[in-house]
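Observations on chain architecture
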Protein chains: 2
Amino acid sequence: MANIRDVAKRAGVSITTVSRVINNIDPVNPETRLAVEQAMVELEYVPNQLARGMRTRRTNTIGIIIPEFVNSFYHELFQYIEEEAALTGYSLFVCSTREHTDQGIDQIKELISRRIDGIVLCTYRGDVRMLTYLEQVAGDIPVIFLDNLGRDYQVNTIYTDGFTAMEKMVFHLVDLGHTNIAFIKGLEQYPVANDRFAGFKHGMEKNSLAVDQSYIFEGDYSLQSGYMASQYFFEQCPKGPPDAIMAASDLMAIGAINYLLSKGIKIPQDVAVTGYDDISLARLMVPSLTTIAQPIRDIAKQSMNLIINSKEARAKERKHLVLEGVLKIRHSTDPTKPKVVELDLE
Amino acid sequence: MANIRDVAKRAGVSITTVSRVINNIDPVNPETRLAVEQAMVELEYVPNQLARGMRTRRTNTIGIIIPEFVNSFYHELFQYIEEEAALTGYSLFVCSTREHTDQGIDQIKELISRRIDGIVLCTYRGDVRMLTYLEQVAGDIPVIFLDNLGRDYQVNTIYTDGFTAMEKMVFHLVDLGHTNIAFIKGLEQYPVANDRFAGFKHGMEKNSLAVDQSYIFEGDYSLQSGYMASQYFFEQCPKGPPDAIMAASDLMAIGAINYLLSKGIKIPQDVAVTGYDDISLARLMVPSLTTIAQPIRDIAKQSMNLIINSKEARAKERKHLVLEGVLKIRHSTDPTKPKVVELDLE
DNA sequence: TTGTACGCGTTATCAG
DNA sequence: CTGATAACGCGTACAA
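Notes on the structure in this doc start here. (Residues numbered from 1 in each chain as written. Chains lettered and ligands numbered in written order. Predicted model: local features only at pLDDT ≥ 70, side-chain atom pairs only at ≥ 80, totals over all residues. Heavy atoms only, no water.)

**Side note on the pairing of strand S8 (residues 244-247) of chain A**
All names here are of chain A. Covered by surrounding structure in S8 are Ala244 and Met246 together with Ile245 and Ala247, the residues of both alternating faces. As judged from the 3 bridges shared by S8 and strand S9 (residues 272-274), these two strands associate in the parallel manner. Residue pairing for S9: Ile245 is matched across the bridge by Val273. For the handedness criterion, the β-α-β arrangement of S8, helix H11 (residues 250-262) and S9 is classed as right-handed. (Buried < 20%, exposed > 50% of the residue type's maximum accessible area, 1.4 Å probe, protein only. Helix = DSSP H or I, 4+ residues; strand = E, 2+ residues; numbered from the N terminus. Pairing = 2+ DSSP bridges. Right-handed = clockwise from strand over helix to strand, strands pointing away.)

Okay, here's the thing in structure tokens:
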């Protein structure tokens, strides 16, 4: 594979000149430039980013840590980040998080060893040791958490305000006349789950509605747990079936809907169902799912901004961005909305 | 950030010794080793992979090109590859494919500039210019296509035999007594789509069943097109409704099911439905979906093998692996199977 | 068992 | 406008 020296030789110039052409930073004689460019084409020259990274201490690479979840929200988030990164000239280096906590730390070391320019953590399931390690790393490299992970880590954070969003959702359901609202929450150990649950409770209070324990089901963000939740609500719940079910994630809402459809229970006539995340399936399924859209485009954009700025401004202070979720009203709560969302809609 | 020299100084040895400890290649005095290791911990030393890659011409990195599809099959494939790569000490460098064909080529150049050790292309939608470029690149770096992309490119290929799988599926349906079998195929421009369709036709022939044009619908692998297909079969098809629908992808099958459920049509009593891919949703939805499982674990494993072997053996010959799909019989064709697949099943 | 010295491919600095 | 040269951090002959 040709290197800069080969190009220089072929173009009859010094490597410095070639470098200048590549980075077009200093003025170069047009003719010289042309000769260099031609040489590069002829030799199929591709600059070596390793060498470049050594010199410049920048690799134009973001390390991203994603969970191996079935929940496609994380895949979609990942895609947006990749896209946004590409727009600003960055590429992604990926680590999936694995079972063992030691591995989490190894993953981060792996990223550091590649001298990535920033780390983005996409998960609500942070192991404390790993998070603490990331906090320490944040002294050298910009680190961003894309979820509420509990206590105030000294890193940048960006996430959607689940509390307010869920409150909004309660109001939406109450507007439609629902009063017996059940909630499928996530595991209590996860702050994101609690935010959403707290928002639900607060929304209920504001509407003078009681929160009945028998209308609360703890799921684990999986489709199955959503199924089991609505099965519980409809078959075992002492209060009898609710007239609306709010789930803390789309996946659980879809699981709940699967149960309802299998029993011939009508949505939203018999029971309204809502989700959270607005994964693409929410828009594509039948009935279309009312949910809270996380502003993933924004999350992705702001992540990149944060990384670029922390690099350039050497800004030591951490930013904490809380973005607003958007209520998407669809057929699963509002029968006047199309049962199937059209292709080019939105 | 500490470098190898700092570690050497602190441990009172030469950098060579430190290097030896890191790579534990040559014998090192146990005491010396201990001192070095301690120094590494104290300085929080993390080896610089850029420098290492320059010297060794290996980066332990695989470049992966994935499409920005909604189809979660590709996400799952991606996860398995990541996992398999991690097991063999590799990490993933990601590029999403974008609209413009020039960008496809730029993506590959980007990967080359990072001096990745291999390229894995995960898409059925290869633009010819990009594929041709990859073919050329394959002279220097192992390249693997994970789909049937048409003509015989001089690269490694691994994919599932859609022809035989679909044939198998026809036999399964015929065994259950179905004779009016409709097929939702993919766009004709894609070889993968044609393999599956051809397998369907061949299976029908073998069973002396006519392939009626009005029972063929061309979709685009999207959920929506599956929905439209079954709508067509049940509302407009001149032959009247089929008693089984085979889709060339799970996503289309799920779309078809969405329509059927919304109309109260019973699956599989009124109509059986089958998919292809075995995305996780196929197992999690209600009714559970009969489908062809692509052996993604194998695909991922073999991909890594191929890359490692081409590297080491300098093997110039290309391998073409065709793996077998596995028929997963579930409730959408066989009512004796559980409607909901249990958590720990499989 | 350990150390010295060179080179991997690039950019930054300085001198022309 | 151009060129020579010193880093960047590491691995590895070769020498000791």
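Okay, back to it.
**Some thoughts on the protein's contact with DNA strand C**
Lining the immediate environment of DNA strand C, one finds 27 residues, of which A:Ile4, A:Tyr45, B:Thr16, B:Thr32 and B:Arg55 sit closest. Among all atoms of DNA strand C positioned within 4 Å of the protein, those belonging to sugar or phosphate total 60%. One of the side-chain nitrogen or oxygen atoms of A:Asn3 is found 3.3 Å away from a phosphate oxygen of DNA strand C. Between DNA strand C and A:Arg55 there is a distance of 3.0 Å, counted from a base oxygen to a side-chain nitrogen or oxygen. When contributions to the surface near DNA strand C are tallied by element, the ones reaching two or more residues are helix H1 (4-11), helix H2 (15-22) and helix H4 (49-56) of chain A together with helix H2 (15-22) and helix H4 (49-56) of chain B. (Near = heavy atom within 4 Å. Polar contact = N/O pair within 3.5 Å; in protein donor to acceptor, adjacent residues only side chain to side chain.)

**Some thoughts on the side chain of A:Asp334**
Residues and elements named next belong to chain A. With respect to the helices, strands and loops of the structure, Asp334 is situated in the segment after strand S12 (326-328). Lys337 provides the closest opposite charge to the buried, salt-bridge-free Asp334, at an N-O distance of 4.9 Å. In this structure Asp334 touches Pro268 and Ile329, once residues within four positions along its chain are discounted. (Lys, Arg positive; Asp, Glu negative; His and termini not counted. Salt bridge = Lys/Arg side-chain N within 4 Å of Asp/Glu carboxyl O. Contact = heavy atoms within 4.5 Å.)

**With respect to helix H1 (residues 4-11) of chain B**
Residues and elements named next belong to chain B. If you check which residues of H1 are buried, you get Val7, Ala8 and Ala11. Viewed along the axis of H1, the buried residues span an arc of 100 degrees, placing them on a single side of the element. Exposed residues pointing more than 90 degrees away from the buried face of H1 are listed as Arg5 and Lys9. Of the surrounding secondary structure, the elements contacted by the buried residues of H1 are H2 and helix H3 (30-42). Residue Asn3 occupies the N-cap position of H1, its side-chain oxygen lying 2.9 Å from the main-chain nitrogen of Arg5. (Arc of directions from axis to C-beta.)

**Some words on the protein's contact with DNA strand D**
Near DNA strand D, the surroundings consist of 26 residues, among which A:Thr32, A:Arg55, A:Arg57, B:Ile4 and B:Arg55 are the closest. Among all atoms of DNA strand D positioned within 4 Å of the protein, those belonging to sugar or phosphate total 56%. One of the side-chain N or O atoms of B:Ser19 is found 3.1 Å from a phosphate oxygen in DNA strand D. In the environment of DNA strand D, a base nitrogen lies 2.5 Å from a nitrogen or oxygen atom belonging to the side chain of B:Arg55. Going through the elements one at a time, H2 and H4 of chain A together with H1, H2 and H4 of chain B are the ones with two or more residues in the surface near DNA strand D.

The values reported here are purely geometric and, on their own, carry no functional implication.
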